[in-house]
Each structure stands twice: as structure tokens, then as C-alpha cells.
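Residue strings, one per chain:
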Amino acid sequence: MLRNRDIVDIETGEAFLNVTVTTERDRQNYKKILEAKQKYEFQGVEIQKQYKKYGSFVWLLYNAGQVLDLGIQPDELTKLIYISTYMGYNNRLMVSEDESMTRKQMREILRVSEDTFHKFYISLTNTGILSEDIDKCLYLNTSIFKRGAIKDVKDIDCNRTRLYIKSIRSLYTQAKISEHKLLSYLFQAIPFVNVNYNILCFNPLENDLQKVKPMIMKDFCVIIGYSQDNDRRLKTKLKGLRLQQLPVFSFVDNADGLFCYINPNVYYAGNKWEEVKVLGRFQIENT
């Protein structure tokens, strides 16, 4: 008689304990389960390698296919996404592992005037995005941002994507204050970016690449309130956004149509990193 205390469902990750194997049929079934478990663990290791490669991240929770309306202005959305990269594992804003962020430090990190910061701070607190406790510690709303492992995934009734800290900070610090609104389009696109292929599209939850319905700039302009007549101008501006020599927005025209890909180094919900890199041409070519 063989006992195993760690049989795992490869679809859910659920562990079944105290399983007893007594017959040949049980042994064959158990063998299949072990093989599936090994495959599951291998896939997990590969995904963890990608996590390390892309660096630390913050989860953004959102509803796919719905406008990302947090009740704040576009330029404030950019500042919010940037500030979220300073969130600790208890959702408290931190300037280091053991030092909480103060209002003064937040303004300095944002590199904005006192007046601009005041308006930003009031916007976040009025909408419930940011809160402050009696010790003056600042916290972000856990229904929007999370750090670390998300437990009880099945109970979460929304979608989530990883905001990569190093890349978000790089984009923000290299941008001018006047470019914060332009950067906001990158974040407003999140609910309409396919979770597997990082393509701007109408069906962001589609798993089959051949069935993805791409969204062109005129469609995106409607979503963000940008003039459709100036869609080419917007496309040119977005193409100008760069991250370590690579584009943030990549427009790829092929036999299937014109696709707009978002660089997975900025944000990404899936685990097909290499495929997205190739499809979106986010690789530095050897010369």
C-alpha cells in the first residue's frame, strides 16, 4: 500500500491529502497524477524564472473591457500608477523596507509643485484610492492595488495585471510633467489589452490568437476621449515612448491586420512572455 500526501490538481493547484493507493488501477492513476504534478511544478518554475527576469511588480485589479475610471484626471492616473510602485506588502506606501512614506516624501518622489500635489492628494483621498491613518501612514485601496501573492483567486471577481516596478519608474522619471497625460493612455489601455498577447483589442480575455479582434487607433481614441481626426498624431506620439531602446507601443502590420502591442516589460497579465516579445517585436535585433 502506497500513501501520498501531496497530490495536486494541475488546473487549480489544489492539494489532495491522505490519498491511499491500493490497486493496480489506483497505481496507474496515481502515476498519471504524479506526471501531471511534475509538469505543473516545471511550469511553475519556468514562470518564476520569468518573474525574476522582469523584476518586482504590483498587481493592478480592473475589469476587462471596461474603461479604467477611478474618478481622477488622466495625468493623475499616471502619478497614481507611479506611486503604486512604492507600495509595501501591507499596501502601505514605503520609501524603504522599514520607512513609511510621508506626504512630503510623496511630493518629492512625484517631482511636482505643492499646488499640483495638493490637488492630486485631494483627488485620491476623495475617491477613496488613498487613505491616511492616525500615524500619518499612507495606504492604497486594496480593491485597486495589491502586492505579493493573491489568495483566494477564485473569489476575485475582476482581472489583474502586473505593473513592473522598474519599468514604470523608468517611464515616469524620464517623462516631463507635460507628458503625464500621454503616459496615462498607456494605463487607460490596460482593460482593453489581451491578457495573453498584450494586444489592444475588443476581446481582451480571448485565448486563441486567431480570434483576437484588434482595436485600431480610432477605436482607442473613442475610449480615451481623444479626437478621432487626430488618431495618426496620437499614434506617432505613442510610438515615441521608449523603454531601454525598445518601443512601449509596437504597431505591427501583417496579413491578419494591424496590431498594437504593449511591451510586456511595462505590464503583463499572462505567461507567454517570449511569444509576446516575438509577435510585438520587442527584441533588440543583432546587427
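Residues numbered from 1 in each chain as written. Predicted model: local features only at pLDDT ≥ 70, side-chain atom pairs only at ≥ 80, totals over all residues. Heavy atoms only, no water.

## Focus on unusual backbone geometry
Applied cut-off: A run of H or I in DSSP counts as a helix once it spans at least four residues, and a run of E counts as a strand once it spans at least two, with each numbered from the N terminus. Classification of residues uses two cut-offs on accessible area relative to the type maximum, computed with a 1.4 Å probe and protein chains only: under 20% is buried, over 50% is exposed, and between them is partly exposed.
For Asn91, which is not glycine, the phi torsion reads 70 degrees and is therefore positive. As for its placement among the helices and strands, Asn91 is situated in the loop between helix H2 (74-84) and strand S6 (94-96). Asn91 gets classed as buried once you look at its relative accessible area, which sits at 7%. Backbone geometry places Lys136, a non-glycine residue, at a positive phi of 70 degrees. Looking at the element boundaries, Lys136 is found in the loop between strand S8 (130-132) and strand S9 (138-140).

## Let's talk about the pairing of strand S11 (residues 159-164)
Rules: DSSP calls a pair of strands paired once it identifies at least 2 bridges connecting them.
Sheet topology places strand S5 (residues 57-62) next to S11; six bridges connect them, and they run antiparallel. From the neighbouring strand, Trp59 faces S11, where its bridge partner is Arg162. Across two bridges, the pairing between S11 and strand S16 (residues 267-268) is antiparallel. Among the inter-strand pairings, Leu163 is bridged to a residue of S16, identified as Tyr267.

## Quick look at the pairing of S5
Within S5, six of the six residues are buried, which leaves the element mostly enclosed by the surrounding structure. Note: S5 against strand S10 (residues 145-146), two bridges, orientation antiparallel. Residue Trp59 lies in a different strand from S10, and its bridge partner there is Lys146.

## A look at the packing of H2 against helix H4 (residues 114-126)
Threshold: An axis is simply a line fitted to the C-alpha atoms; with a helix, the fit covers only the stretch in contact. Between two such axes, the angle follows the N-to-C directions and lies from 0 to 180 degrees. Oblique is the label for every angle not falling under 35 degrees (roughly parallel), over 145 degrees (roughly antiparallel), or within 65 to 115 degrees (roughly perpendicular). Residues are treated as being in contact if the distance between any of their heavy atoms lies within 4.5 Å. We call Asp, Glu, Lys and Arg charged. Ala, Val, Leu, Ile, Met, Phe, Trp, Tyr, Cys and Pro are nonpolar, and the rest, Gly among them, are polar.
Relative to each other, H2 and H4 sit at 80 degrees, their axes nearing to 11 Å. When the interaxial angle is binned, H2 and H4 end up roughly perpendicular. Touching Glu76, Lys79 and Leu80 of H2 are Thr116, Lys119, Phe120, Ser123 and Leu124, all from H4. Of the residues in the contact of H2 with H4, the class split is three nonpolar, two polar and three charged.

## Side note on the sheet that holds S5
Strand pairing in a sheet is mediated by backbone hydrogen bonds. Such pairs are either parallel or antiparallel. Spatial strand order, S10-S5-S11-S16: four strands in an open sheet with antiparallel pairing. A single partner strand is all that each edge strand has here, and the edge strands are S10 and S16. Sheet strands touched by helix H5 (residues 165-174): S5 and S11. Its angle to S11, the strand with the most contacts, is close to 65 degrees.

## Focus on the environment of Ile83
Looking at the element boundaries, Ile83 is found in helix H2. What makes Ile83 buried here is its relative accessible area of 1%. Considered as a pair, Ile83 and Arg169 are 86 residues apart in the sequence and their alpha carbons are 8.9 Å apart. For Ile83, the residues in contact, after removing those within four places along its chain, are Leu93, Met101, Met106, Ile109 and Leu110.

## A short note on the confidence of the model for the protein
Note the threshold: For every residue, the predictor states its confidence as a pLDDT score lying anywhere from 0 to 100.
Overall, the predicted model of the protein reaches an average pLDDT of 84, with 79% of residues at or above 70. Of all the helices and strands in the protein, strand S1 (residues 2-4) carries the lowest mean pLDDT, 39, while H2 carries the highest, 98.

## Things to note about the packing of H2 against H5
The line we're drawing: Rotating anticlockwise by less than a right angle from the far helix to the near helix defines a left-handed crossing, while the corresponding clockwise rotation defines a right-handed one.
Following both chains from N to C, one finds H2 and H5 inclined at 135 degrees, their axes separated by 9 Å at the closest point. Put simply, H2 runs oblique to H5. Regarding H2 and H5, the two cross each other, and that crossing is left-handed. From H2, Thr78, Lys79, Ile81 and Tyr82 reach across to H5, where they touch Ile168, Arg169, Tyr172 and Thr173. Residues that form the contact of H2 with H5 fall into these classes: four nonpolar, two polar and two charged.

## Things to note about the side chain of Ser100
Filter applied, for reference: By the criterion applied in these results, polar contacts are pairs of N or O atoms within 3.5 Å in which, for protein atoms, one can donate a hydrogen and the other can accept it, and in which residues neighboring in sequence qualify only through two side-chain atoms.
Tracing the backbone through its elements, the reader meets Ser100 in strand S7 (residues 99-100). Within the local environment of Ser100, its side chain forms a polar contact with the side chain of Arg92, the two groups lying 3.1 Å apart.

## Side note on the packing of aromatic side chains
Stated precisely, the cut-off is as follows: Here the aromatic set is Phe, Tyr and Trp, taking the six-membered ring for Trp, and pairing holds for ring centres within 6.5 Å; pairs whose planes are under 30 degrees apart are stacked, those over 60 apart are edge-to-face, and all others are tilted.
Taken as a whole and judged by the stated rule, the model has seven aromatic pairs. The interplanar angle of 90 degrees and the centroid separation of 5.7 Å between the aromatic rings of Tyr82 and Tyr86 together place this pair among those described as edge-to-face. Owing to a relative accessible area of 4%, Tyr82 belongs among the buried residues under this scheme. Relative accessible area serves as the criterion here: at 15%, Tyr86 is assigned to the buried category. When the centroid spacing of 3.9 Å and the interplanar angle of 5 degrees are considered together, the rings of Tyr82 and Tyr172 count as stacked.

## What to know about the nonpolar core
Stated formally: Definition used in this section: a nonpolar core is a set of buried Ala, Val, Leu, Ile, Met, Phe, Trp, Tyr and Cys residues joined via side-chain atoms within 4.5 Å.
Judged by nonpolar contacts, the single largest core of 62 residues is most densely connected at Met106, Phe145, Leu186, Leu234 and Tyr267. Discounting residues that sit within four places of it in the chain, Leu186 has contacts with Leu171, Val248, Phe249, Ile262, Val266 and Tyr267.

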